[in-house]
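Below are the chains, spelled out letter by letter.
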Amino acid sequence: MALRSLRRSVYATVALASTLLLSGCANFYVDTGLKDVPPQDIAKPASPQDVQLIFEFRTKGVANAGATALLKDQVTQLVSESGVFARVSGTPEQSAGFLSVVIDNVPLSDDAFSKGFVTGLTFGLAGNTVTDGYVGTIEYTPAGQKKSIKTTVRHAIHTTVGAQGAPANATPSASLDEAAKTMTRHVVMNGLKTLSHDKSFISGN
Amino acid sequence: MRYIKNLLQAAAVAVLLSACAGQMPPHSASAGNVQQLRGSDMSPVSVGAFKLAAGKPESMDTSITSRASSMTPPQGSISAYLRDALIAELKAAGKFDASAPVAISGELTESELNTNMGTADGALGARFIVTEGDAAKYDQDHRVSASWESSFVGAIAIPKAYQEYFALYQKLFAKLFADPTFAKATKPKH
């Protein structure tokens, strides 16, 4: 009996994974808790400074080199075009500040709200919907200083499997790639918006 | 009977998806390490040779394997990959200077990845040596490890295993950079 149960479990796991990987039946939705930032909402410094940018994507706190490589150019472009900094570089320079952008894909469970996530959905595994949480940490250290300005942004991507209806409070994406890029844009731009209005940041520019 | 046929088909798909060989991705500097180095009083250093530690199997230096999949370093050896990864971290923090009198060299002492079903684990170890001219200023072994839940399905377990393995490089450097005697050793005498 136990063997039969184990076989069923193994078969179900393999079948689910194969289905997800091969059939493309999963649908992806970006949570509406965080939205696009209109350019006018970002405070442009009077004299923007050069900055060195480091981007890192993590999964449950562990560096994810593949996802970092996939999103690095997009993050660089978003920071460059935001108008918050004069010139964005990947290497350190004497006159440049330091901007660290880290996005961590975290598991969400019932205590998601206590972790600061706010959406209209039930988190974790609810029926055929799985929610991935993302914690974006944007930290800026002005040139020649050690004290940094830090802001944290939270977001989520919902995945449904099968012919389930769209979750509430979420925008459909054509693919996981598109959902990830939308989530990244929301996280980076909302983080930069908060940073650009920070009193310490304004006084340093 | 039908169940076994279905299971074999599904398993074959998983194996097909996972049994492959590829190249190790370029190391990406850790935001945490770069911030730590920027805030430290470490002096810029050059980086010398890295090689496999004496007595270690040659295979440890040539590739890393996860179930039916393997990855090889574009540099030709994992010790050379470790060297380039260290340079990437130092460069990102402004602590690399190819002409600096103080140099870091090293030996790969461990590179393990066991993608078992249930719990998987990995470990990375190296001996780091800081020299200035002929004088050795620092000589220390460092080792880091990780363990994680590992899926039955190779297509899920293998990418996860590689992610954990490559993250060990950042962890190893974090351990080195956090050693106060290391930062002290990087300061040139003159």
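For the structure, see preceding data.
Residues numbered from 1 in each chain as written. Chains lettered and ligands numbered in written order. Predicted model: local features only at pLDDT ≥ 70, side-chain atom pairs only at ≥ 80, totals over all residues. Heavy atoms only, no water.

Enquirer: Tell me about the side chain of Ser-150 of chain B, residues and numbers included.
Expert: Residues and elements named next belong to chain B. Looking at the element boundaries, Ser-150 is found in strand β7 (residues 135-150). Polar contacts involving the side chain of Ser-150 include one to the side chain of Arg-67, which spans 3.4 Å. A polar side-chain atom of Ser-150 sits 2.9 Å from the main-chain carbonyl oxygen of Asn-116. Setting aside chain neighbours within four positions, we find Ser-150 in contact with Arg-67, Thr-115, Asn-116, Met-117, Gly-118, Thr-119, Ala-120 and Ala-157. (Helix = DSSP H or I, 4+ residues; strand = E, 2+ residues; numbered from the N terminus. Polar contact = N/O pair within 3.5 Å; in protein donor to acceptor, adjacent residues only side chain to side chain. Contact = heavy atoms within 4.5 Å.)

Enquirer: Before we move on, can you summarise the sheet that holds strand β4 (residues 69-72) of chain B with the specific residues and values?
Expert: Residue and element names in this part refer to chain B. What the three strands build is an open sheet, ordered β1-β4-β3; its pairing is mixed. If you trace the sheet from one side to the other, it starts and ends with β1 (21-23) and β3 (64-66), each paired once. Across the sheet, the axes of successive neighbouring strands diverge by a mean angle of 25 degrees, strand direction being ignored. Inspection of the sheet shows β1 paired to β4 by three bridges, in the parallel sense. Residue pairing across strands places Ala-21 opposite Ser-70, the latter belonging to β4. Taken strand by strand, helix α4 (residues 154-178) contacts β3 and β4, and its axis lies near 145 degrees from that of β3. (Pairing = 2+ DSSP bridges. Axes fitted to C-alpha atoms, helices over the stretch in contact; angles between N-to-C directions.)

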